[in-house]
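# Reading the structure
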Amino acid sequence: MDPRDIPPETWNDWRWQLRHSITADDLPHLLDLTADERAGLAAAPGLFRVGTTPYYFSLVDRASPHCPVRRQIVPWGAEARVAPGELSDPLGEDAHNPTPAIIHKYPDRVLLLAVDRCAIYCRHCNRRRLVGGDEPTTRAELEAAFDYIARTRRVRDVLISGGDPLTLATGKLDYILGRLRAIPHVEIIRMGTRVPVVLPMRIDDELVAMLRKHHPFFVNTHFNHAKELTPEARRACAKLVDAGIPVGNQAVLLRGVNSSVRSMRALLRGLLTMRVRPYYLFQGDTVVGTDHLRTGVDTAIEIMDGLRGWITGMAIPHLVIDAPGGAGKVPIGPRYLQEIRDDVAVVRSYRGQIVEYPQPAERDATVPYDDVFFAGEPPDDDREGG
Ligand code: SF4
């Protein structure tokens, strides 16, 4: 499919893009596949979903199997292998599932799985066991999720995810957001979506007018490579930000796709020019069939060493391992703090200089006014007996 053959009003219709999703069956007719790609597609049925929008596919470099967009769409044969330690549920989410559409792992926030459909099925997806199946989230499951959140007063923050919630109709999203907003203890609502990357025409005036009714509302999107920062993606992010919706980015470190300092700097700098704040850089999750896409942790740390100090701090994401088994996100990175002594902390600068930071004489950091300001409030988390 050549975008030049499609009338612009059709190409820019997000429903048309979803209806004309490019599937595993289409790829051999559209690309001169390598043997490895052919093996990946042959293994796909029954194991993992393959599919993307015509828009995202139009970014593929047909001449190179190493194109970062192509690598995220087309499986390689290695995806059919399960490496030691790989899991279908690498983040242990299924053990924190009080009701089918809720994952509650952290003290004050929950994940609401609003839909199981995505606009793309990413080669590195950590929720591949759930997405693209035949069992979309039902109305009853959504109602049970609202009920759980309403009776769980410590939930201050709801992250709507899936699947990709922006593949839902605007009216249905409005209903979900409205139900959440009606719960007094829900302070903020966030949405995780790859739509600005793979279906940017979905971010239209009607959608942003609806979303802005539900502030404070945040979007976390998922650009992995500077090649994805197209004029269309820029327009989509600008619409969200202009509607007062802060947009963050959660990238995944993918071996041979974005695993170089140069490629990561270009992505992070480019995101800032779109007013998208880099938030997380994930070390690849240990999900089945992705060993070939993961970097070593040492490589991830070397890449971070090539970022901090070399580009603006606003562009620096938190590098995290989302710990296998559900222990949560663990920040990792270069060791800047060498030693803490009573008199000094010894630190290393980004250029490798060793510097001593003098410690203050008094060390008691109690805030006396806390007792006044938070009088009568319960403890903040379970470390304090809450
Ligand atoms: S868009 Fe997100 S949930 Fe969907 S396949 Fe990609 S990573 Fe997984």
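What you are looking at is a predicted structure, and each value in this text was computed from that prediction instead of being measured. (Residues numbered from 1 in each chain as written. Predicted model: local features only at pLDDT ≥ 70, side-chain atom pairs only at ≥ 80, totals over all residues. Heavy atoms only, no water.)

## Topic: the side chain of His104
Tracing the backbone through its elements, the reader meets His104 in strand S3 (residues 102-106). Within the structure, His104 has its side chain in polar contact with the backbone oxygen of Tyr106 (distance 3.0 Å). Among the polar contacts made by the side chain of His104, one reaches the main-chain carbonyl oxygen of Pro107 at a distance of 3.5 Å. Beyond its immediate chain neighbours, meaning those up to four positions away, His104 contacts His96, Pro98, Arg109, Val110, Tyr148, Thr152, Arg154 and Val155. (Helix = DSSP H or I, 4+ residues; strand = E, 2+ residues; numbered from the N terminus. Polar contact = N/O pair within 3.5 Å; in protein donor to acceptor, adjacent residues only side chain to side chain. Contact = heavy atoms within 4.5 Å.)

## Structural notes on helix H11 (residues 231-242)
Residues spaced three or four apart along an α-helix face the same direction, because each turn holds 3.6 residues. An ideal rise of 1.5 Å per residue puts 16 Å on 12 residues; H11 measures up with 16 Å between its terminal C-alpha atoms. Taken as a whole, H11 has its buried residues at Ala233, Ala236, Cys237, Leu240 and Val241. Down the axis of H11, the buried side of the element spans an arc of 130 degrees, and every buried residue falls inside it. Residues of H11 that are exposed and angled more than 90 degrees away from the buried face: Pro231, Arg235 and Asp242. Immediately downstream of H11, the backbone of Gly244 shows phi near 80 degrees, a positive value. (Expected span 1.5 Å × (residues − 1). Buried < 20%, exposed > 50% of the residue type's maximum accessible area, 1.4 Å probe, protein only. Arc of directions from axis to C-beta.)

## Regarding the sheet that holds strand S14 (residues 354-358)
The strand order across the open sheet formed by 3 strands is S12-S13-S14, and the pairing between neighbours is antiparallel. Edge positions in the sheet fall to strand S12 (337-340) and S14, since each has one partner strand and no second. Here the strands of the sheet are splayed against their neighbours by 20 degrees on average, with no regard to which way each runs. Relative to S14, strand S13 (residues 344-348) runs antiparallel, the two being bridged by 5 bridges. Each bridged residue has a counterpart across the sheet, and for Ala345 the counterpart in S14 is Tyr357. (Pairing = 2+ DSSP bridges. Axes fitted to C-alpha atoms, helices over the stretch in contact; angles between N-to-C directions.)

## Considerations on the layout of surface pockets
Within this model, the largest pocket holds a volume of roughly 1200 Å³. Contributing to the lining of the largest pocket are 50 residues, with Arg127, Leu159, Ser161, Gln250 and Phe282 lying nearest its centre. Broken down by secondary-structure element, the contributors of at least two residues to the lining of the largest pocket are S3, strand S4 (109-113), strand S5 (157-161), strand S6 (188-192), strand S7 (217-221), strand S8 (247-252) and strand S9 (276-282). Per-class residue counts for the lining of the largest pocket are 24 nonpolar, 14 polar and 12 charged. (1 Å grid on protein atoms, 1.4 Å probe; cavity = no way out; pocket = protein on both sides within 12 Å on 5 of 7 lines; lining within 4 Å. Points joined across faces, edges and corners; volume = space filled by probe spheres on them. Nonpolar A, V, L, I, M, F, W, Y, C, P; charged D, E, K, R; others polar.)

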